[in-house]
Amino acid sequence: ESERLGYRLGKMQTVIDRSEVANVFHNVEVKEDAPLPGEVKLRFSTGNRSLDGLIVYSATRHGVDPLLIYLVMREESGFNYRAVSRVGARGLMQLMPETAARLGVRNIHDPVENVEAGTRYLRGLIDLFGGDINLALAAYNAGEGAVLKYGRRIPPYNETMNYVWRINTAYRRAIGQ
């Protein structure tokens, strides 16, 4: 299609609007052991260098710790970009279709769009709850309305309380390494 452009990110591929493209680089080879752009020593790996790079890029762009994005993604989808939850959340960051639409996502299963929107959404929740990561995580899991309904506290839902606990525990372990 003349208005759309296909591209590949490692083993993932997608199609985007040409108007969104700033530059095109042809025949670029990426070696598997090549460092990520601006790579810092990562405390995580999805097993896919392209996805690791996408996490770092999106997290850096929105001022969120890449490790937090990695842990949310691991908890939400297990790094499966085709994941669909029992309640309808989709993609790597398990966005609800309504949330994805609100964030301007056109293809919820596109890894680039999904990670970018999920990171932007998490950043917005962190800001909404005054930098409280636990409340942001609870809102990511149960919805910001649930956190507000319970007086800006983690809702008393087992799933949400366990979700926040698991990510906190994994984060502390990764930081301690």
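Residues numbered from 1 in each chain as written. Predicted model: local features only at pLDDT ≥ 70, side-chain atom pairs only at ≥ 80, totals over all residues. Heavy atoms only, no water.

### Structural notes on the overall build of the chain
Within the chain, the regular secondary structure consists of seven helices and two strands. Reading the helices (α) and strands (β) of the chain from amino to carboxyl end gives β-β-α-α-α-α-α-α-α. In the chain, buried positions account for 39% of the 177 residues. Nonlocal contacts in the chain, meaning residues at least 24 apart in sequence, comprise 36% of its contacts between residues at least 6 apart. Split by element, the accessible area of the chain, about 10600 Å² in all, is 50% carbon and sulfur. (Helix = DSSP H or I, 4+ residues; strand = E, 2+ residues; numbered from the N terminus. Buried < 20%, exposed > 50% of the residue type's maximum accessible area, 1.4 Å probe, protein only. Contact = heavy atoms within 4.5 Å. Areas by Shrake-Rupley, 256 points an atom, 1.4 Å probe, with all protein chains shown as cover.)

### Some remarks on the layout of surface pockets
One number sums up the size of the second largest pocket: a volume of about 420 Å³. Forming the walls of the second largest pocket are 21 residues, and the residues nearest its centre are Glu-76, Ala-89, Gln-94, Tyr-140 and Asn-141. Element by element, the count of residues in the lining of the second largest pocket is highest for helix 5 (residues 133-142), at four residues. Of the residues belonging to the lining of the second largest pocket, the class tally is ten nonpolar, five polar and six charged. (1 Å grid on protein atoms, 1.4 Å probe; cavity = no way out; pocket = protein on both sides within 12 Å on 5 of 7 lines; lining within 4 Å. Points joined across faces, edges and corners; volume = space filled by probe spheres on them. Nonpolar A, V, L, I, M, F, W, Y, C, P; charged D, E, K, R; others polar.)

### Observations regarding the packing of helix 1 (residues 49-62) against helix 2 (residues 66-77)
One way to put it is that helix 1 packs onto helix 2 with a least axis distance of 8 Å and a crossing angle of 125°. Viewed along their axes, helix 1 and helix 2 adopt a mutual orientation that is oblique. As for how helix 1 packs across helix 2, the hand of that crossing is right-handed. Facing Leu-51, Ile-55, Val-56 and Ala-59 of helix 1, the residues of helix 2 in contact are Pro-66, Ile-69, Tyr-70 and Met-73. Here the contact of helix 1 with helix 2 is built from residues that sort into eight nonpolar, no polar and no charged. (Axes fitted to C-alpha atoms, helices over the stretch in contact; angles between N-to-C directions. Parallel < 35°, antiparallel > 145°, perpendicular 65-115°, else oblique. Left-handed = near helix turned anticlockwise from the far one by under 90°.)

### Considerations on the side chain of Glu-76
Looking at the element boundaries, Glu-76 is found in helix 2. Buried and without a salt bridge, Glu-76 has Arg-166 as its closest oppositely charged side chain, separated by 8.3 Å. Once residues within four sequence positions are removed from consideration, Glu-76 is found in contact with Leu-92, Met-93, Gln-94, Tyr-140 and Tyr-163. (Lys, Arg positive; Asp, Glu negative; His and termini not counted. Salt bridge = Lys/Arg side-chain N within 4 Å of Asp/Glu carboxyl O.)

### Here's the deal with unusual backbone geometry
Positive phi is not limited to glycine here, since Phe-79 has a value of about 70°. Its place among the elements puts Phe-79 in the loop between helix 2 and helix 3 (97-102). Even without glycine at this site, Gln-94 takes up a positive phi of about 50°. Here Gln-94 lies in the loop between helix 2 and helix 3.

### Concerning helix 7 (residues 158-176)
Helix length check: helix 7 (19 residues) gives 27 Å between terminal C-alpha atoms against 27 Å at 1.5 Å per residue, within 8%. Within helix 7 the residues assigned to the buried category are Thr-160, Tyr-163, Val-164, Ile-167, Thr-169, Ala-170 and Ala-174. Elements that come into contact with the buried residues of helix 7 comprise helix 2 and helix 5. (Expected span 1.5 Å × (residues − 1).)

### Regarding the pattern of salt bridges
Overall, the coordinates contain six salt bridges when judged by the stated rule. Of the charged contacts in the structure, one is a salt bridge between Asp-65 and Arg-43, with a shortest N-O distance of 3.2 Å. Of this pair, Asp-65 sits in the loop between helix 1 and helix 2 while Arg-43 sits in the loop between strand 2 (12-17) and helix 1, and the two are 22 residues apart along the sequence. We classify Arg-43 as partly exposed; its relative accessible area is 41%. Arg-166 is paired through a salt bridge with Glu-75; the nearest N and O atoms lie 2.6 Å apart. Residue Arg-166 is found in helix 7, and its partner Glu-75 is found in helix 2; the two are separated by 91 residues along the sequence.

So yeah, pure geometry; function would need other evidence.
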